[in-house]
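Okay, here's what each chain looks like letter by letter:
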Amino acid sequence: MRPVHMPVEVMEHFYRGGHAIRALRGGPQRCERSPEEWLASVTARFGAEPAGLSRLPDGAFLRDAIAADPQGWLGADHHARFGARTGVLAKLLDAGERLPVHLHPDRDFARQHLSCGHGKTEAWIVLAAEPGATAHLGFSVPVDRAELTGLVQRQDPAELLSRMHEVPLHAGDTVLVPAGLPHALGAGAFVLEVQEPTDFSILLDWRGFALDGPAEGHLGLGFDLALEAVRRDPLRRGEVEALRLSGAANAGAADHLRRLLAEEAEPYFRADLVRPATSAAVPAGFAVLVVLHGSGELRTRAGEHVGLARGDVLAVPHAAGPLSVRGDVTAVLCRPPEPTGPRPAAAGTPDTKT
């Protein structure tokens, strides 16, 4: 098995953006509402399958290829813990406008109410940011349940945003967004998002967007239940700063992987900077490799040489590794959690329940 270059896939969405993705990935012209590309994805959009599922160059779904050879793609340890699922989803997001304030349920809520063993903790690796670009992250003041319900009913974005922390974004920053935390990526931010492999979003804000919030904003649960997933207690400024690593992706060359995210991300997913001085070692395991700059090559365990160039996205099977990356290239390696690592789920609860 060898790493596979994934074709460019255009996805239309409810918010504006997409020019930065085309500049990186190439591909066809995009409409003004094509701000996302899901990369080597085996996760479908909520209620809209097969949208979101990535296809291999021959047109087959990556999900089907993995199901046919899960140990080759994922490895025995991963397969034993997570089943025939990659355990990670990577996306490119180009925010041509501020996204709505929303949040994602945690694993306990998803298990109880959505019959899924994954919630949606996520992280952003900021690839580019226009001057003044920010994100809103978590409440800065206490918000009780009645007040939250009123904010959703009134749909006054300024009122909602005034109760949240505003975080500046610069190219190279990374931001961890734990499940349950209200957040909104701001206009002018281009990010590589790494997340748990679900498409669960609960909306607090939808006025002015091409969304039917009362129908689409609560995952079919109704807002009375969906709002139970919101973290309403305020974050201290120190907690906010701990979620953001300034300039993490701007590190210099090294012949080892550099962790890009706060340590709290590791039970959910991993993201590493690959920028070899001579030859960077990549351990065996399923991964999504996103090439951001330069060119080089990936050498597999079998000695094959796979070319790398800016904008390439590769699905890397376990059986191809361990590998090495060589050349004047900068990439991000998106990986599931370590199969033998810590488990955020409740004791005795399988991670593979879907």
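This is a predicted model, so every value here is computed, not measured.

Analysis parameters
Residues numbered from 1 in each chain as written. Predicted model: local features only at pLDDT ≥ 70, side-chain atom pairs only at ≥ 80, totals over all residues. Heavy atoms only, no water. Helix = DSSP H or I, 4+ residues; strand = E, 2+ residues; numbered from the N terminus. Rg over C-alpha atoms; globule rule 2.2 N^0.38 Å. Buried < 20%, exposed > 50% of the residue type's maximum accessible area, 1.4 Å probe, protein only. Contact = heavy atoms within 4.5 Å. Lys, Arg positive; Asp, Glu negative; His and termini not counted. Charge placed at Lys NZ, Arg CZ, Asp CG, Glu CD. Polar contact = N/O pair within 3.5 Å; in protein donor to acceptor, adjacent residues only side chain to side chain. Domains from an automatic or database assignment. Buried area = accessible area lost by both parts, 1.4 Å probe. Nonpolar A, V, L, I, M, F, W, Y, C, P; charged D, E, K, R; others polar.

Asks: For this particular structure, what's the right way to read the overall build of the protein chain?
Replies: Scanning the protein chain from N- to C-terminus turns up ten helices and 19 strands. Taken against the 2.2 N^0.38 rule, which gives 20 Å for 354 residues, the C-alpha radius of gyration of the protein chain at 19 Å falls within 12% of a compact globule. Its C-alpha atoms put the protein chain at 60 × 45 × 40 Å along the principal axes. For the protein chain, with 354 residues in total, the buried portion stands at 57%. Long-range contacts, defined here as pairs at least 24 residues apart, represent 73% of the contacts in the protein chain between residues at least 6 apart. The average position of the 36 basic charges and that of the 44 acidic charges among the side chains of the protein chain differ by 2 Å.

Asks: Looking at this model, I keep getting lost on the environment of Ala 51. Mind explaining?
Replies: Mapping Ala 51 onto the fold places it in the loop between strand E2 (36–39) and helix H2 (62–68). Judged by relative accessible area, which is 31%, Ala 51 ranks as partly exposed. Each residue touching Ala 51, except ones within four places of it in the same chain, is listed here: Thr 43, Ala 44 and Arg 45.

Asks: Explain the side chain of Asp 272 to me, please; I cannot follow it from the model alone.
Replies: With respect to the helices, strands and loops of the structure, Asp 272 is situated in strand E14 (residues 270–274). At 2.8 Å, the side chain of Asp 272 forms a polar contact with the side chain of Arg 335. In contact with Asp 272, other than residues within four places in its own chain, are Leu 257, Arg 258, Arg 259, Leu 260, Ala 331, Val 332, Leu 333 and Arg 335.

Asks: Quick question: what am I supposed to make of the domain arrangement of the protein chain here?
Replies: For interface size, the figure often reported is the accessible area lost on association. With domains assigned, the protein chain is organised as domain 1 (4–245) and domain 2 (254–335). Of note, the centres of domain 1 and domain 2, computed from C-alpha atoms alone, are 23 Å apart. For the pairing of domain 1 and domain 2, the buried interface totals around 2,600 Å² over both sides, and the portion due to carbon and sulfur atoms is 74%. When residues of domain 1 are sorted by the area they lose upon contact with domain 2, His 5, Leu 24 and Trp 73 head the list and together hold 21% of the total. Secondary structure elements with two or more residues in the side of domain 1 that touches domain 2: strand E1 (4–5), helix H1 (19–25), H2, helix H3 (70–74), strand E5 (122–129), strand E8 (174–177) and strand E10 (189–195). Residues that form the side of domain 1 that touches domain 2 fall into these classes: 20 nonpolar, nine polar and four charged.

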